[in-house]
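Single-letter residue listing:
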Amino acid sequence: MIPSAHGIPREEKIISTRNLKFTYEGGVQALQGLNLDIRSGDYVAIVGGNGSGKTTLAKALNGLLKPTSGTVMVNGMPTSELKVAEIAKVVGYAFQNPDHQLFCSSVEDEVRFGPLNLGYPEQEVRQKVERAIEAMNLGQLRALAPLSLRLGERRRVSIASVIAMDPQVLILDEPTTGLDAGESLELMNSLKRLNAEGKTIILITHDMKVVAEHARRVIVMANGRMILDSDSRGVFSDLAILGESNLEPPPVVRLAHRLAKHGIPHDVMSVEELVFQLLRSRGGG
């Protein structure tokens, strides 16, 4: 086991599920027997269309939802036996709608709330707040009211409030929804830096362009089941799998598949790769 800064032993498998099932009131079975391991340092995208179960899974992974049956283990301990606050020290969750998280009068107070509520000493709280504000580039906004900010800024505040609790795992539900291209790139670059520092990143998304550019591992869900667990190239090489989960691949991926008869590989994921392959197929690379 790897030591944890929070006093909880940290295993290489930081989150595991076994035969995880979850049924909502009314009988809707959202998760149907999932077996999944998330390892420390992973950068995972969990993808699927509406109703695939991806958000239910995200909430089960951090204890917001308790399994109907089966288990979710965080650092080797079942979430059914842990309080949400205990799990939050290891697995942080940023909601799809940042306004569901924001309630303080200033950005700084918002970011302070989590570590303060978890009982960290004041000096450590200040350090965690400064790191989170720096990570999300919020220095110029720290005195402003969160709900007065633009959507992209509010989303960065909501993520900073999770980062400040210093969890090992960050789960982000549709983090780029509503952001323009510049805001999305800034956010994803921030997450890339956090992952490089050792944080485990789990994206819940249907934005396959973000998946192609950032995720190293992709879990495709449909009807409450995992239908594929692969690296990103493996996912984009099989359009039938994406179609089964009502996912739309990026235009460059669709074009690469149409050009397969000319020798272009199915797993091209960027314009640069496509240009390289086209030049090579014509003897120019």
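In what follows, the structure referred to is the one given above.
A. Representation of the overall build of the protein chain in the model. Across its full length, the protein chain holds 11 helices and 10 strands. Computed over C-alpha atoms, the radius of gyration of the protein chain comes to 20 Å, within 12% of the 19 Å expected from 2.2 N^0.38 for 285 residues, which places it in the range of a compact globule. In terms of overall dimensions, the protein chain has a C-alpha envelope of 65 × 45 × 40 Å along the principal axes. A burial count over the protein chain gives 51% of its 285 residues as buried. Taking contacts inside the protein chain between residues at least 6 apart in sequence as the whole, the part at least 24 apart equals 62%. Carbon and sulfur atoms make up 50% of the accessible area of the protein chain, which amounts to about 13300 Å² in all.

B. Representation of the sheet that holds strand 2 (residues 29-39). One open sheet accounts for four strands, arranged 2-1-4-5; its pairing is antiparallel. Every other strand in the sheet has two partners, leaving strand 2 and strand 5 (77-78) as the edge strands with one partner each. One ladder, built from five bridges, connects strand 1 (residues 13-23) with strand 4 (residues 69-74); its direction is antiparallel. Across the sheet, the residue bridging to Lys-21 is Ser-69, located in strand 4.

C. Up close: the packing of aromatic side chains. Evaluated as defined, the whole model comprises three aromatic pairs. Arranged with centres 4.9 Å apart and planes meeting at 90°, the rings of Tyr-93 and Phe-95 form a pair that is edge-to-face. Above the face of the Tyr-120 ring, Lys-89 is positioned so that its terminal group lies 5.7 Å from the ring centre. Over the ring of Tyr-120 we find Lys-128; its NZ or CZ atom is 4.6 Å from the centre of that ring.

D. The arrangement of the pairing of strand 10 (residues 225-231) in detail. The pairing of strand 9 (residues 217-222) with strand 10 spans six bridges and is antiparallel. Residue pairing across strands places Met-221 opposite Met-226, the latter belonging to strand 10. Once strand 9 ends, the chain turns through two residues before running back antiparallel as strand 10, passing Asn-223 with a positive phi of about 55°.

E. Structural view of the environment of Glu-134. Turning to its location among the elements, Glu-134 is positioned in helix 4 (residues 122-135). Here Glu-134 falls in the exposed class, since its relative accessible area comes to 65%.

F. Here's a closer look at unusual backbone geometry. For Asn-19, which is not glycine, the phi dihedral falls at a positive 50°. The residue Asn-19 is located in strand 1 in this model. Overall, the relative accessible area of 40% leaves Asn-19 in the partly exposed class. Unusually for a residue other than glycine, Asn-75 sits at a positive phi of about 50°. Looking at Asn-75, the relative accessible area reads 4%, which means it is buried.

G. Broad picture of the packing of helix 3 (residues 107-117) against helix 5 (residues 151-163). Contact geometry of helix 3 with helix 5 gives a least axis separation of 7 Å together with a crossing angle of 35°. For the crossing formed where helix 3 meets helix 5, the hand is right-handed. Contact residues: Val-107, Glu-110 and Val-111 in helix 3; Val-157, Ala-160 and Ser-161 in helix 5. Of the residues in the contact of helix 3 with helix 5, the class split is four nonpolar, one polar and one charged.

H. Molecular detail of the pattern of salt bridges. Following the criterion strictly, the structure yields 18 salt bridges and no others. The partner of Arg-112 in a salt bridge is Glu-122, with the nearest N and O atoms 3.0 Å apart. Within this pair, whereas Arg-112 is found in helix 3, its partner Glu-122 is found in helix 4, the two being separated by 10 residues in sequence. The exposure class of Glu-122 is partly exposed, given its relative accessible area of 35%. Glu-248 is paired through a salt bridge with Arg-254; the nearest N and O atoms lie 3.0 Å apart. By relative accessible area, which is 26% here, Arg-254 ends up partly exposed.

Conventions and cut-offs
- Residues numbered from 1 in each chain as written.
- Predicted model: local features only at pLDDT ≥ 70, side-chain atom pairs only at ≥ 80, totals over all residues.
- Heavy atoms only, no water.
- Helix = DSSP H or I, 4+ residues; strand = E, 2+ residues; numbered from the N terminus.
- Rg over C-alpha atoms; globule rule 2.2 N^0.38 Å.
- Buried < 20%, exposed > 50% of the residue type's maximum accessible area, 1.4 Å probe, protein only.
- Contact = heavy atoms within 4.5 Å.
- Areas by Shrake-Rupley, 256 points an atom, 1.4 Å probe, with all protein chains shown as cover.
- Pairing = 2+ DSSP bridges.
- Phe/Tyr/Trp six-rings, centres within 6.5 Å; stacked < 30°, edge-to-face > 60°.
- Lys NZ or Arg CZ within 6 Å of the ring centre and 35° of its normal.
- Axes fitted to C-alpha atoms, helices over the stretch in contact; angles between N-to-C directions.
- Left-handed = near helix turned anticlockwise from the far one by under 90°.
- Nonpolar A, V, L, I, M, F, W, Y, C, P; charged D, E, K, R; others polar.
- Salt bridge = Lys/Arg side-chain N within 4 Å of Asp/Glu carboxyl O.

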